[in-house]
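# Descriptive analysis of the structure
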Amino acid sequence: MSVSTAAADQSVCRDTSGALPVLGRDVLVPLVTGGEVTYAALDYAASAPALQRVWDDVAAYAPYYGSVHRGAGYLSQLSTELFENARHAVAEFLGCRDGDQVVFTRSTTDSLNLLAAALPAECEVFVFETEHHASLLPWREARVTYLDAPRTPEEAVRALERALADRDPYGPALVCVTGASNVTGELWPVRELAVAAHSHGARIVLDAAQLAPHHPVSVRELDVDWVAFSGHKLYAPFGSGVLAGRGDWLQDAEPYLAGGGASRKVARRTDGGVDVEWHTTAARHEAGSPNVIGAYAIASACKALTEAGFDTLVAREQQLVSAVRAGLAEVPEVRVLSLFGDDAPRVGVLSFVVDGWNSSHFAAALSAEYGIGVRDGLFCAHPLVRTLLGTEPQTQGECGAPEAAPGEKSLNAIRVSFGAGTPDEHVERFVRAVKELVRDGAKWNYRTEDGRCVPDTSA
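Rules and cut-offs
Residues numbered from 1 in each chain as written. Predicted model: local features only at pLDDT ≥ 70, side-chain atom pairs only at ≥ 80, totals over all residues. Heavy atoms only, no water. UniProt positions renumbered as here; feature names shortened; annotations may be inferred. Helix = DSSP H or I, 4+ residues; strand = E, 2+ residues; numbered from the N terminus. Rg over C-alpha atoms; globule rule 2.2 N^0.38 Å. Buried < 20%, exposed > 50% of the residue type's maximum accessible area, 1.4 Å probe, protein only. Contact = heavy atoms within 4.5 Å. Areas by Shrake-Rupley, 256 points an atom, 1.4 Å probe, with all protein chains shown as cover. Lys, Arg positive; Asp, Glu negative; His and termini not counted. Charge placed at Lys NZ, Arg CZ, Asp CG, Glu CD. Core = buried A, V, L, I, M, F, W, Y, C linked by side-chain atoms within 4.5 Å. Salt bridge = Lys/Arg side-chain N within 4 Å of Asp/Glu carboxyl O. Polar contact = N/O pair within 3.5 Å; in protein donor to acceptor, adjacent residues only side chain to side chain. Disulfide = S-S within 2.5 Å. Expected span 1.5 Å × (residues − 1). Pairing = 2+ DSSP bridges. Axes fitted to C-alpha atoms, helices over the stretch in contact; angles between N-to-C directions. Domains from an automatic or database assignment. Buried area = accessible area lost by both parts, 1.4 Å probe.

As recorded in an unreviewed UniProt entry, the chain goes by the name Aminotransferase class V-fold PLP-dependent enzyme, listed as coming from Streptomyces himalayensis subsp. himalayensis. Comment text from UniProt for the chain, heading Cofactor (unreviewed entry), reads "pyridoxal 5'-phosphate".

Here you go:
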């Protein structure tokens with residue numbers, strides 16, 4: 001069975017700058033100073049725009065949408081085939097080993113919470129304070145050792161080795177680490193951390209939410225036990241995610257959700273109770289009607305990125321990274337945040353602060369006066385950002401919310417992020433806007449509303 005559409009056979013095209021086609025490239029947004037401009041989406045680290053290829057594939061499939069695994073009708077059979085083929089496509093994209101399972105979830109956060117729910121009894125978890133909250137917080141029911149922010153990749157490996165050497169060598173242990181920071185974009189030494197984990201009898205899960213959209217990720221080559229990522233960061237924003245890796249802990253755990261699809265057989269007992277036989281495949285943790293379109297979209301994105309060629313995508317992205325870093329380096333008032341140093345390799349994610357500016361004010365001016373969308377705040381990585389800004393790591397704050405009005409000292413940062421769909425012009429406009437704002441100041445007055453800086457249109 002197949003969905004009859006030209007979209008399924010289309011090749012990956014690029015514009016003249018080498019960017020892949022994404023939705024929203026021609027969207028016009030109003031400027032507070034008057035007129036309109038095409039929107040520059042530079043918040044890929046939060047959610048990347050949908051690849052045109054993904055959108056076309058989903059649109060072509062949508063009329064054939066049906067329930068999976070339970071229906072005898074043509075649409076149900078077709079949807080089931082597409083859903084399971086999507087699982088195989090993701091496994092191939094991730095370089096999974098024979099026997100690895102691919103479980104479709106809602107997001108990276110959901111994937112890591114699923115794994116947390118499947119931990120064996122007395123499992124100890126090791127996680128750096130530098131993690132996104134999706135990796136930092138799910139382990140509350142386990143024994144958790146939080147490791148301080150390392151200042152070099154080598155220090156990260158040494159810190160993990162020391163922590164693992166002090167644990168009970170006979171109990172289960174799990175290391176959770178990011179592949180690329182959602183704050184600094186810096187690449188972490190995943191392969192070396194995996195070697196350290198396995199040498200001490202621990203397993204390791206890779207948070208690839210920021211890595212998979214920018215670099216090839218191979219479970220086999222990195223030798224990680226699990227990998228988690230989100231579709232909405234991989235140009236497939238349809239509410240789906242992935243947890244892929246070893247099946248034993250997942251098979252031994254109670255289903256993440258109890259319900260239809262996870263159960264293989266259910267029968268009443270003579271005493272009035274219910275006996276349940278759960279699936280041992282990925283379906284064990286996919287109860288309910290799965291997000292077929294989300295899974296299909298992820299598979300489409302995986303295929304599109306593979307066809308485009310990661311070598312080419314990485315090379316072009318590094319050109320954009322170099323352009324942004326060079327432009328920001330020309331502004332003395334700008335400080336780019338980094339754990340591992342200015343020369344550390346990174347994906348298209350950079351965070352910075354500007355002397356004399358509240359970060360919310362600066363981000364609001366970029367949007368209102370230049371049509372540029374970035375993010376400001378703590379980026380759901382509060383301990384890391386607090387460490388990088390030199391403030392007390394235990395200081396609390398609502399995720400992403402600024403804590404100072406325009407003109408006051410900011411305890412937050414500004415993040416610019418981009419990827420395979422970013423045109424050169426968007427990066428050039430961003431660098432030019434930063435220089436103009438620092439040199440000339442904002443052209444408009446701003447006020448605080450619901451904790452955020454917004455243009456003052458009351459006059």
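Once the structure has been displayed, the description carries forward.
Take the overall build of the chain next. Check the secondary structure of the chain and you find 13 helices and 19 strands. Relative to its length of 459 residues, the chain is compact, with a C-alpha radius of gyration of 23 Å against a globular reference of 23 Å. When the backbone C-alpha atoms are referred to their principal axes, the chain occupies close to 80 × 60 × 45 Å. Considering the chain as a whole, with its 459 residues, one finds that 55% of them fall into the buried category. The long-range fraction of contacts in the chain, counting pairs at least 24 apart against all pairs at least 6 apart in sequence, stands at 71%. Accessible surface for the chain amounts to roughly 19,400 Å². Of this, 50% is attributable to carbon and sulfur atoms. Mean positive and mean negative side-chain charge positions of the chain (39 and 59 charges, respectively) differ by 2 Å.

Okay, the nonpolar core next. Nonpolar side chains tend to gather and get buried jointly when the protein is soluble and globular. Counting 88 residues, the largest nonpolar core has Val90, Leu94, Leu160, Leu206, Val217, Phe229 and Val242 as the members making the most contacts within it. Ranked by residues supplied to this core, first place goes to helix α9 (residues 292-308) with 11 residues. Non-local contacts of Val90, meaning those with residues more than four positions away in its chain, are made with Val102, Phe104, Phe229, Val242, Ile298 and Cys302. By size, the runner-up hydrophobic cluster in this structure holds 33 residues, among which are Leu42, Val334, Leu350 and Ala433.

Tallied over the full model, the rule gives 21 salt bridges. In the salt-bridge network here, residues are joined through shared partners; they are Asp43, Arg375 and Arg415.

Now for the side chain of Asp100. With respect to the helices, strands and loops of the structure, Asp100 is situated in the loop between α2 (74-93) and β4 (101-105). Taking relative accessible area as the criterion, Asp100 reaches 17% and is therefore assigned buried. Within polar-contact distance, the side chain of Asp100 engages the backbone nitrogen of Arg97 at 2.8 Å. The residues touching Asp100, leaving out its near neighbours within four places in the chain, are Val219, Gly245 and Arg246.

Bringing the state of the cysteines into the picture now. Across all of its chains, the model carries 0 disulfides by this definition. With no disulfide of its own, Cys96 lies 10 Å from the sulfur of Cys302, the closest cysteine sulfur. Take Cys96: its relative accessible area is 11%, and that puts it in the buried class. Here Cys176 stays free of any disulfide, with the sulfur of Cys123 as its closest cysteine sulfur at 11 Å.

Given a rise of 1.5 Å per residue, 20 residues ought to cover 28 Å, and the 28 Å separating the end C-alpha atoms of helix α10 (residues 310-329) matches this to within 8%. Among all positions of α10, only Phe310, Leu313, Val314, Arg316, Glu317, Leu320, Val321, Val324, Gly327 and Leu328 are buried. Buried residues along α10 sit against α2, α9, β13 (334-336), β14 (349-354), β17 (413-417) and α13 (424-440).

This part covers the sheet that holds β4. On the basis of which strands lie adjacent, the open sheet formed by 7 strands has the order β4-β10-β9-β8-β7-β5-β6 and mixed pairing. Each edge of the open sheet is held by one strand with a lone partner, namely β4 and β6 (143-147). Geometrically, the sheet is characterised by an average inter-axis angle of 20° between neighbouring strands, direction not taken into account. Here strand β5 (residues 124-128) runs beside strand β7 (residues 173-178); their pairing, made up of 4 bridges, is parallel. When the bridges of β7 are listed, Phe126 appears paired with Val175. The sheet strands contacting helix α5 (residues 153-165) are β5, β6 and β7, and the helix crosses β5 at an angle near 160°. Each of β7 and β8 (203-207) is contacted by helix α6 (residues 190-199), which is oriented at about 155° to β8, the strand it contacts most.

So, about the pairing of strand β12 (residues 274-278). Examined bridge by bridge, strand β11 (residues 263-268) and β12 share 5 bridges and lie antiparallel to one another. Considered in β12, the bridge of Lys265 is made with Glu277. In textbook terms, the turn of a hairpin is the stretch between consecutive antiparallel strands, and for β11 and β12 this stretch comprises 5 residues, one of which, Gly272, has a positive phi near 95°.

Next up on the list: the domain arrangement of the chain. Domain annotation of the chain identifies domain 1 (28-50 + 309-455) and domain 2 (56-307). Each of domain 1 and domain 2 has a C-alpha centre, and the two are 30 Å apart. Here domain 1 packs against domain 2, burying approximately 3,100 Å² in sum over the two surfaces, 60% of which is carbon and sulfur. Interface area lost by domain 1 to domain 2 is led by Phe310, Leu339 and Phe340, which between them contribute 26%. Linking domain 1 with domain 2 are 0 salt bridges, by the criterion used here. Counting across the interface, domain 1 meets domain 2 through 24 residue pairs in polar contact (both at pLDDT 80 or more). Sorting the residues of the side of domain 1 that touches domain 2 by element identifies α10, β14 and α12 (382-389) as the ones contributing at least two each. Per-element accounting of the side of domain 1 that touches domain 2 gives the leading share, 6 residues, to α12.

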